[in-house]
Amino acid sequence: MLWVSIVVNLGLLGVFKYYNFFLENFVNAFSLFGSDIGFTTLHIILPVGISFYTFQTLSYTIDIYRKQLEPTTHFISFMAFVSFFPQLVAGPIERAKKLLPQFESKRTFNFDNAKDGLKQTLWGLFKKMVIADNCALFVDEFFGNHQAYSGSTLLIGAFFFTIQIYCDFSGYSDIAIGVSRLFGFNLSKNFAFPYFAKNIAEFWRRWHISLTTWFRDYVYIPLGGNQGTKAFQIRNTILLFVLIGFWHGAAWKFIVYGLINALYFLPLIIWRRKPTNKKSAQSNHLIPNKSELIGIIKTFTFLVLIRVFFRADNLHIAVSYLSTIFSASLFTVPQFANRTDAIVVFIFILIFTSIEWFGKTNAYAIEHLGNTWKPAFRWGFYYVLIFCIFYFYAKPQQFIYFQF
């Protein structure tokens, strides 16, 4: 029954998400030998959230097989767990042993939880609609027409996308967690300020936590994890990151993205360097020390560059984009259609990063921000966030620059 569940779930995911990818590459492989195989791709719409609820149902059956969870007898509760609307589209990926019992227990409205949930939802909307969506305006232009821009401009485009993808993913997670609290549900934390990580291992402990822990528990550890010989550990690490990359989309660029992450991770295995200061991003230091700052800058720079593979339309464009960045034009003045718009985006990013840094010891950045302020200042801050959200919702196709 376990294998039936695995085959059915992964089979549906494979057909809807990966069928065309494997078929096209199969045909291309035969074309190298002069064989022309006719094929028909599937022109179907990918079901909403299939990657997420597939993993949730798999974790349910695997945990039951491992005797870590008792199967539920309540079909409605199970279906509600699989299709819980706040986190269905982009996570976090919840485990049945945490979320399912919440459907089967009585919930009562709690004002403090609801207030906290609204605050986290507000911060998530700000990250998504103010930061991510405005970065996306530049990102779409630079990646869509990268041949027309200098290396310095494309580097800024890669930087904007690095901010965009974090604010998109973590912003949605904040919204999902906040909305769930209004209904009396507690979801798992999905992002723990990953861009303040000092090395790649720490970053992956803080990035999309529900996804990385899923692969760790159901793929990496069953394969042997970090046990056995170095060759064994290297194989497991490469396979883990390649699968994480491939999970994001059916394209070679995602596989290369995962492979590069694995290669950057390998020195920790080869020289047995155990990551230190696992909770450094949660330290109370107002200013990081020299080694922390160097580690954060080095890790973030690496992420900015490899994110190009994640955003580019294909592998060829990603390589071309990076080659332009590392050309002589890297040292030229960046090109912007409207320099004022870019400056204002940078200012918003700087303000956002400062708030995240000061709030890095919390579950989310503004959890306790303003608790010691006078009510007028605290509510003024919230209304500024609300104003920004509604302003950019009303004008989604305009740049961030305020033109009253």
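Below or above, wherever it landed, is the structure these notes cover.

**Overview of the environment of Y149**
So, point 1. Structurally, Y149 can be placed in the loop between α5 (111–144) and α6 (151–182).
So, point 2. Distance in space between the C-alpha atoms of Y149 and P334 is 8.2 Å, their sequence separation being 185 residues.
So, point 3. Setting aside anything within four residues of it in sequence, one finds Y149 in contact with E141, F142, L154, T324 and Q335.

**Observations regarding the packing of aromatic side chains**
So, point 1. On inspection of all chains with the given rule, the structure shows 50 aromatic pairs.
So, point 2. Measuring from centroid to centroid gives 5.5 Å for F55 and F215, while their planes differ by 70 degrees, and the two rings are edge-to-face. Note that F55 is positioned in helix α2 (residues 50–65) and F215 in helix α8 (residues 209–220), a separation of 160 residues in sequence.
So, point 3. The buried category is assigned to F55, whose relative accessible area is 4%.
So, point 4. The exposure class assigned to F215 is buried, which follows from its relative accessible area of 4%.
So, point 5. Its end group placed over the ring of W247, K17 keeps NZ or CZ at 5.3 Å from the ring centre.
So, point 6. Across from the ring centre of W357, 3.8 Å away, lies the NZ or CZ of K360, which sits over that ring.

**Topic: the side chain of S5**
So, point 1. With respect to the element layout, S5 can be found in helix α1 (residues 2–31).
So, point 2. On the basis of relative accessibility, which here comes to 12%, the residue S5 falls in the buried class.
So, point 3. Beyond its immediate stretch of four places on either side in the chain, S5 contacts L58 and T61.

**Overview of the side chain of T212**
So, point 1. Relative to the helices and strands, T212 resides in helix α8.
So, point 2. Side-chain polar atoms of T212 contact the backbone oxygen of I209, separated by 3.2 Å.

**Here's the deal with the layout of surface pockets**
So, point 1. Space inside the second largest pocket adds up to approximately 530 Å³.
So, point 2. Looking at the second largest pocket, it is lined by 21 residues, and the ones nearest its centre are Y195, F196, I296, F300 and T353.
So, point 3. For the lining of the second largest pocket, the secondary-structure elements that each account for two or more residues are α6, α11 (290–311) and α13 (339–358).
So, point 4. Ranked by residues supplied to the lining of the second largest pocket, first place goes to α13 with eight residues.

**Comments concerning the nonpolar core**
So, point 1. The biggest cluster of nonpolar side chains holds 96 residues, and the ones touching the most others in it are F55, F126, I131 and F215.
So, point 2. The leading source of residues in this core is α5, at 12 residues.
So, point 3. Beyond its immediate chain neighbours, meaning those up to four positions away, F215 contacts F55, Y220, L240, L243, I244 and W247.
So, point 4. Counting 14 residues, the second largest nonpolar core, distinct from the first, contains V82, F84, A96 and L187.

Quick notes on the rules
- Residues numbered from 1 in each chain as written.
- Predicted model: local features only at pLDDT ≥ 70, side-chain atom pairs only at ≥ 80, totals over all residues.
- Heavy atoms only, no water.
- Helix = DSSP H or I, 4+ residues; strand = E, 2+ residues; numbered from the N terminus.
- Contact = heavy atoms within 4.5 Å.
- Phe/Tyr/Trp six-rings, centres within 6.5 Å; stacked < 30°, edge-to-face > 60°.
- Buried < 20%, exposed > 50% of the residue type's maximum accessible area, 1.4 Å probe, protein only.
- Lys NZ or Arg CZ within 6 Å of the ring centre and 35° of its normal.
- Polar contact = N/O pair within 3.5 Å; in protein donor to acceptor, adjacent residues only side chain to side chain.
- 1 Å grid on protein atoms, 1.4 Å probe; cavity = no way out; pocket = protein on both sides within 12 Å on 5 of 7 lines; lining within 4 Å.
- Points joined across faces, edges and corners; volume = space filled by probe spheres on them.
- Core = buried A, V, L, I, M, F, W, Y, C linked by side-chain atoms within 4.5 Å.

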